[in-house]
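Inside the fold
The residues making up each chain are set out below.
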Amino acid sequence: MRLPDPALVVLVGASGSGKSTWAAGRYLPHEVVSSDALRAVVGSGRYDLDASADAFAVLEQVIDARLGRRLATVVDTLGMDAARRQRWRDLARDAGLPAVAVVLAADDATCRRRNAERDVPVPAKALAGQLDRMRTVPGELAAEGWEVVVVPGDEAPPATEPSRPAQPAPNPPADDRRTSTGVEVVLQVSRFPWGEEPARWLAEVAGAADALGFAGVALMDHLVQIPQVGRAWEPIPEPYVTLGLLAGLDTSLRLGTLVTPLTLRPAGVVAKAVATLDALSGGRAFVGVGAGWWEREHAGFGVPFPPAKDRLDRLEDGIEVMRALWAPGTKAWSGSRASLPETTCYPRPAGPVPVVVGGAGERRTLRIAARLGDACNVRPEDVAAKTAVLRAHCADVGRDPDEVAVTVLDVSVVGSDRADVARRVERLRGRTAATAYAARLHAGTAIGQRERYAALADLGVSTVFLSLPDLAGADDLGRVAALLA
Ligand code: GDP
Ligand code: MG
């Protein structure tokens, strides 16, 4: 069973019931606040009962500080003091964290045996008192308003998630690549720490992505690295050249941009590049398109950056132009605003090229997606709201809503295990508080992310474009394997 995280987790059980063992297998050492450990800090050792009052004073202070920062906090005491439990629950509620009670319900004989095996056993009478108390505590918990009360069974889940090494598998076709969650996952590569060998770095990342079961690779289309991702002097390669290199590798990956601003090149020229990519890759191309938003890259490259309304017109007209140039024949074409004297574009794409419309502007962008897109890309937080708007536009423009997929760009921290997640958050967060950063970037293990993706699939999402803010290279991709199972 997966517990909410971060949360206040209060362990409840007699000595020897297995509280500390349960916590050690699931949480990082500094997340567990233990009265025994604090007795050793302020007294002569873990069992220095004379130091109890001081140890509990420190314990309360640590709990206060951690919950105040919304950090996962596991309280490892007997957990039998109802007044303390209430105080901790109140602190958790003030911090907006769920409160979880974990009842270690080992039988009396087990606790006695384990106690007897200890270097310094709890006096028999004290243990008897605890065991007696445990007959009523679970009933008290049920009435106390915990978000979750867990009683781990003997068949409790393994202490750590099994590590799944990257399985080099023969390339299944790209259209079979839905994960067990119901979504397909496309790796969006936005940073390129490729050292001295750019082409090799790219080939290795693509090879690893293909072997792991990603459905494709998507590249950003920017002239200067954007501040959300990196520094302006870090490399951000021209995507269509780069996708051409990827198309030449032996993979089944679908290849495209997320997203090409239709301000940077005339839409017809984009259509030409995408058609060529589709021909060279045997029909694996897709294209994300958007209205463009970053003025600086336009100015720096001498590209006009018109006002928002004109950019949205360009997006709308541009998709029509692209579709006209991909259609059979060379006849003259005229759309709702734009027209072309001929539509001579060879090579043609090998098959239909999915057009993903990026951007969540409800009035125009989603309407453009409803009218002309094969998919509409939004943020994971916005799926329900934007899907509703998209569907309303579909009804309005007479489009079957099932023809417009909903995709998300998911910028997430994914770790191989809990400690790895915490390390990555600590390295990436800058001056943002760890919990705020972790929440914003959905930080979690690959198995935890899988549950998020299943929830997105339930909302109707077909494809997740996963962007890892700290992807170092091919060797660093294996940590997401469990997400792709
Ligand atoms: P606490 O006093 O409730 O914190 O209990 P501990 O976690 O210190 O466990 C007491 C002893 O029982 C230790 O020697 C543990 O190794 C052992 N123990 C704890 N949980 C389990 C369990 O699930 N199975 C077995 N076989 N031993 C356990
Ligand atoms: Mg203990």
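These numbers were taken from a predicted model, which means no experiment stands behind them.

Given 3.6 residues per turn, any residue in an α-helix points the same way as the ones three and four places further on. Along helix 9 (residues 239-247), the residues that are buried comprise Pro239, Tyr240, Thr242, Leu243, Leu246 and Ala247. The arc that holds the buried residues of helix 9, viewed along the axis, is 155°, so those residues lie on one side. For helix 9, the elements touching its buried residues are helix 8 (198-212), strand 7 (216-219), strand 8 (254-261), helix 10 (267-280) and strand 9 (285-290). You can read the cap of helix 9 off the contacts: a side-chain oxygen lies 2.9 Å from the backbone nitrogen of Tyr240, and it is on Glu238.

Evaluation of the coordinates by the stated rule reveals 46 salt bridges. One salt bridge in this structure joins Arg479 and Asp476, with 2.8 Å as the shortest N-O distance. Residue Arg479 is classed as buried on the basis of its relative accessible area, which comes to 9%. Several salt bridges share partner residues, and in doing so they unite Lys309, Asp313, Glu316, Asp317, Glu320, Arg337, Arg364 and Arg371 into one network.

Attention now goes to the nonpolar core. One finds Phe214, Val287 and Leu477 to be the most contacted residues of the largest nonpolar core, which totals 84 residues. Here this core gets 8 residues from one element, more than from any other, and that element is helix 12 (residues 308-326). Ignoring sequence-local partners within four residues, the contact set of Phe214 consists of Arg177, Val185, Val186, Leu187, Ala209, Leu253, Leu466, Leu477, Val480 and Leu484. Among the nonpolar cores identified, the runner-up in size contains 28 residues, and Val12, Val75, Ala99 and Met134 belong to it.

So, about the UniProt feature "domain: Luciferase-like" (unreviewed entry) in the protein. Listed under "domain: Luciferase-like" (unreviewed entry) in the UniProt record, and renumbered for this structure, are residues 197-450. For residues 197-450, the helix share is 43%, the strand share is 16%, and the end-to-end C-alpha distance is 33 Å.

A few words on the site of ligand 1. By nearness alone, every residue bordering ligand 1 is listed as Ala14, Ser15, Gly16, Ser17, Gly18, Lys19, Ser20, Thr21, Arg114 and Arg118. Within the backbone of Gly18, one N or O atom sits 2.9 Å away from an oxygen atom of ligand 1. Within the side chain of Thr21, an N or O atom sits 2.5 Å from an oxygen atom of ligand 1. When ligand 1 is considered free in solution it has 580 Å² of accessible area, and contact with the protein chains removes 54% of it. Considering every element that reaches the shell around ligand 1, the biggest residue donor is helix 1 (residues 19-24), with 3 residues. Of the residues belonging to the shell around ligand 1, the class tally is 1 nonpolar, 6 polar and 3 charged.

Our next topic: the pairing of strand 14 (residues 405-411). Two elements, strand 13 (residues 375-378) and strand 14, share 4 bridges in a ladder whose sense is parallel. What sits directly across from Cys376, in strand 14, is Val406. Bridging between strand 14 and strand 17 (residues 461-467) involves 6 bridges; their strand directions are parallel. When the bridges of strand 17 are listed, Val411 appears paired with Ser467.

Per the domain assignment, the segments making up the protein are domain 1 (8-152) and domain 2 (184-484). Placing a centre on the C-alpha atoms of domain 1 and another on those of domain 2 gives a separation of 48 Å. At the junction of the two partners, domain 1 supplies 8 residues and domain 2 supplies 4 residues. Taking both partners together, domain 1 and domain 2 bury about 450 Å²; carbon and sulfur atoms supply 60% of that area. Three residues, Leu28, Arg70 and Leu71, lead the burial of domain 1 against domain 2; their summed loss comes to 63% of the area buried on that side. Joining domain 1 to domain 2, the criterion identifies 1 salt bridge.

Reading guide: rules and limits
Each residue is numbered by its place in its chain's sequence as written, counting from 1. Note on labels: chains are lettered from A, ligands numbered from 1, in written order. Local features in this predicted model are restricted to residues whose pLDDT is 70 or higher, and side-chain atom pairs enter the listing and the counts only when it is 80 or higher, whereas totals over whole chains, interfaces and linings include all residues. The basis for the side-chain values is all heavy atoms of the structure; hydrogens and waters are excluded. Only protein chains enter the accessibility calculation, which uses a 1.4 Å probe. A residue is then buried if its area is under 20% of the maximum for its type, exposed if over 50%, and partly exposed in between. Think of it this way: any DSSP run of H or I at least four residues long counts as a helix, any run of E at least two long counts as a strand, and we number them from the N terminus. By arc we mean the arc of the directions from the helix axis to the C-beta atoms, nothing more. By definition, residues are in contact when any of their heavy atoms lie within 4.5 Å. Under this definition, polar contacts are N or O atom pairs within 3.5 Å; protein pairs additionally need one hydrogen-donor-capable and one acceptor-capable atom, and for neighbouring residues in sequence, both atoms have to be side-chain atoms. Basic side-chain nitrogens of Lys or Arg form a salt bridge, by our definition, when they fall within 4 Å of a carboxyl oxygen of Asp or Glu. Within this scheme, the nonpolar core is defined by two criteria: the residues are buried Ala, Val, Leu, Ile, Met, Phe, Trp, Tyr or Cys, and they are joined through side-chain atoms within 4.5 Å. UniProt positions are given in the numbering used here, feature names are shortened, and annotations may be inferred rather than shown by experiment. Any residue with a non-hydrogen atom lying within 4 Å of a molecule or strand is treated as near it. With residues, only the protein chains shown are counted as cover, and all accessible areas are computed by Shrake-Rupley using a 1.4 Å probe. Classes in brief: Ala, Val, Leu, Ile, Met, Phe, Trp, Tyr, Cys and Pro nonpolar; Asp, Glu, Lys and Arg charged; the others, Gly included, polar. What makes two strands pair is DSSP finding at least two bridges between them. An automatic or database domain assignment provides the domain bounds reported here. By definition, the buried area sums, over both parts, the 1.4 Å-probe accessible area that each loses when the two are put together.

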